[in-house]
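# Examining the three-dimensional arrangement
Single-letter residue listing:
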Amino acid sequence: MSDFRPVPATDREACQRILQYAFTPETGPVEPDLDGDWPPSLFDQRGLYDDDTLRAVCKLYFLDTSVRGAATTVGGLGAVATPPEHRGQGYAADLCRHALHEYREADVGFVTLWPFSTPFYRRLGWGTANTYHRFDLPPSALPDYDIAGQLVRLDADDWERLRRVETAAAAGTALSLRRSEAWWRERTLADWDGGGVPYCYGYERDGDLRGYLVYTVADDADHTLSVSNFAAVDEEARRALFAFLGNHGAQIERVTLQLPLDTDLLHRVDDPGAVDCTVEAGPMVRLTDVGHLERLDWPGGDLDCTLSVSDPLLDRNDGLFRLAVNGGTATVDTLPPADSAADATVDITTLTQLAVGTHGVDAAERLAGLEIHNESVRDSFADVFEPESVYLGEFF
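Heads up: these notes are all about the structure in this document. (Residues numbered from 1 in each chain as written. Predicted model: local features only at pLDDT ≥ 70, side-chain atom pairs only at ≥ 80, totals over all residues. Heavy atoms only, no water.)

### Regarding the overall build of the chain
Counting its regular elements, the chain contains 10 helices and 19 strands. Computed over the C-alpha atoms, the radius of gyration of the chain is 23 Å, within 12% of the 21 Å expected from 2.2 N^0.38 for a compact globule of 396 residues. On the principal axes, the C-alpha backbone points of the chain span a range of 70 × 55 × 35 Å. Taken across its 396 residues, the chain has 51% of its residues classed as buried. Within the chain, contacts between residues separated by at least 24 positions form 70% of all contacts whose residues are at least 6 apart in sequence. Here the chain displays about 18500 Å² of accessible surface, and carbon together with sulfur accounts for 46% of that area. Measuring between centres, the 33 positive side-chain charges of the chain sit 1 Å from its 67 negative side-chain charges. (Helix = DSSP H or I, 4+ residues; strand = E, 2+ residues; numbered from the N terminus. Rg over C-alpha atoms; globule rule 2.2 N^0.38 Å. Buried < 20%, exposed > 50% of the residue type's maximum accessible area, 1.4 Å probe, protein only. Contact = heavy atoms within 4.5 Å. Areas by Shrake-Rupley, 256 points an atom, 1.4 Å probe, with all protein chains shown as cover. Lys, Arg positive; Asp, Glu negative; His and termini not counted. Charge placed at Lys NZ, Arg CZ, Asp CG, Glu CD.)

Here's what the structure looks like:
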């Protein structure tokens, strides 16, 4: 039987080799870099062992965010990797099952990840949390707004000011990060992935920071400026940040930005034809336990229904449940199998997307396989599971 446990210092080199082959095989069989503290500070390194041999590894992050308007901690499952000699034997799925169990034991109800393969994780119960726009444009295409404040260079010592802007800009958006000091210092404003130390500039007026950019400049033919974080608390700050990027025209030839779907950049530029814009799938999310619905706030209405839920990975989420919502509070009870049909049938993927707000009922029926068998619960079901803004943009 496989064993899921922390990776000790004695297996650090083996762990690093697995990760290097999985995510940077183009570097060749280089010696692992074993500098730095162990265990790491930002995540818990876990390994799946079989006969005391390390078969697969992953990283467990604990991320401060919000769901349904309430502050909560969600899991971030990262760097899931199995060496090629052990692939195709179910180790990755087993690793995910163990990770979900550990998160559930820690009272974490949602687990997010950035998939190497969406179909693979979809088969394990994860669903896309949000999509986003990726823009690629010359800086000359950006509008040249007049600004009243000033742009200032910032660094990790400004993390508290940056976090206040981050929180204000993301108000009302589910799964948006509230980064810790360590995360700002060791991840957002550090060269953690080998892409270079990023720049950080903020827009302030009368000493009040109202927006910021985090970006790198590539050593390529276009000297591409890539924005990894863009946050503004108001329209004035948003205009100032776009103007700042546009002022790089003598230095760079391309700007790339990743922004939420509700962005209006194409309406701001004089020539939309100069802008390449693509819609891309973002991270994925899934519930660790149907019972976690009890932990959320449900102000949208009252509901009393039975749900038939299927979960391909966790038996505890596979079965019949009674979901009752009254006065903003939910209760979930496991029911014995019955001959009568449930009011609704849903898989764990779609139930998760309904819970975080990715889909409302109409979209879940149209796109994600929700089936409502009892029409008398449709309106109350839709009132409870209202869609919300969801955007997790930072890779981990």
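### Quick notes on the packing of aromatic side chains
The final tally for this structure, using the stated rule, is 18 aromatic pairs. The interplanar angle of 70° and the centroid separation of 5.2 Å between the aromatic rings of Trp298 and Phe385 together place this pair among those described as edge-to-face. Within this pair, whereas Trp298 is found in the loop between strand 14 (284-287) and strand 15 (303-310), its partner Phe385 is found in the segment after helix 10 (378-384), the two being separated by 87 residues in sequence. Both residues of the pair, Trp298 and Phe385, belong to the buried class. An aromatic cluster is present here, built from Phe43, Tyr61, Trp183 and Phe396 joined pairwise through their rings. Geometry around Trp126 places Arg286 over its ring, the cationic atom sitting 5.5 Å from the centre. (Phe/Tyr/Trp six-rings, centres within 6.5 Å; stacked < 30°, edge-to-face > 60°. Lys NZ or Arg CZ within 6 Å of the ring centre and 35° of its normal.)

### Section: the nonpolar core
The biggest cluster of nonpolar side chains holds 48 residues, and the ones touching the most others in it are Leu293, Leu323, Leu351, Phe381 and Phe385. Other than its neighbours up to four places away in sequence, Phe385 contacts Arg68, Trp298, Leu303, Leu323, Leu351, Leu354, Ala355, His359, Gly360 and Val361. (Core = buried A, V, L, I, M, F, W, Y, C linked by side-chain atoms within 4.5 Å.)

### Some points on unusual backbone geometry
A cis amide bond, omega 0°, links Trp38 with the succeeding residue Pro39. Tracing the backbone through its elements, the reader meets Pro39 in the loop between helix 1 (12-23) and strand 2 (44-50). Positioned with a positive phi, Asp107 is a non-glycine residue whose angle comes to about 65°. Mapped onto the elements, Asp107 comes out in the loop between helix 2 (91-105) and strand 5 (110-113). Here His223, not a glycine, exhibits a phi torsion of approximately 50°, which is positive. Along the polypeptide, His223 turns up in the loop between strand 10 (208-217) and strand 11 (225-232). Relative accessible area serves as the criterion here: at 38%, His223 is assigned to the partly exposed category.

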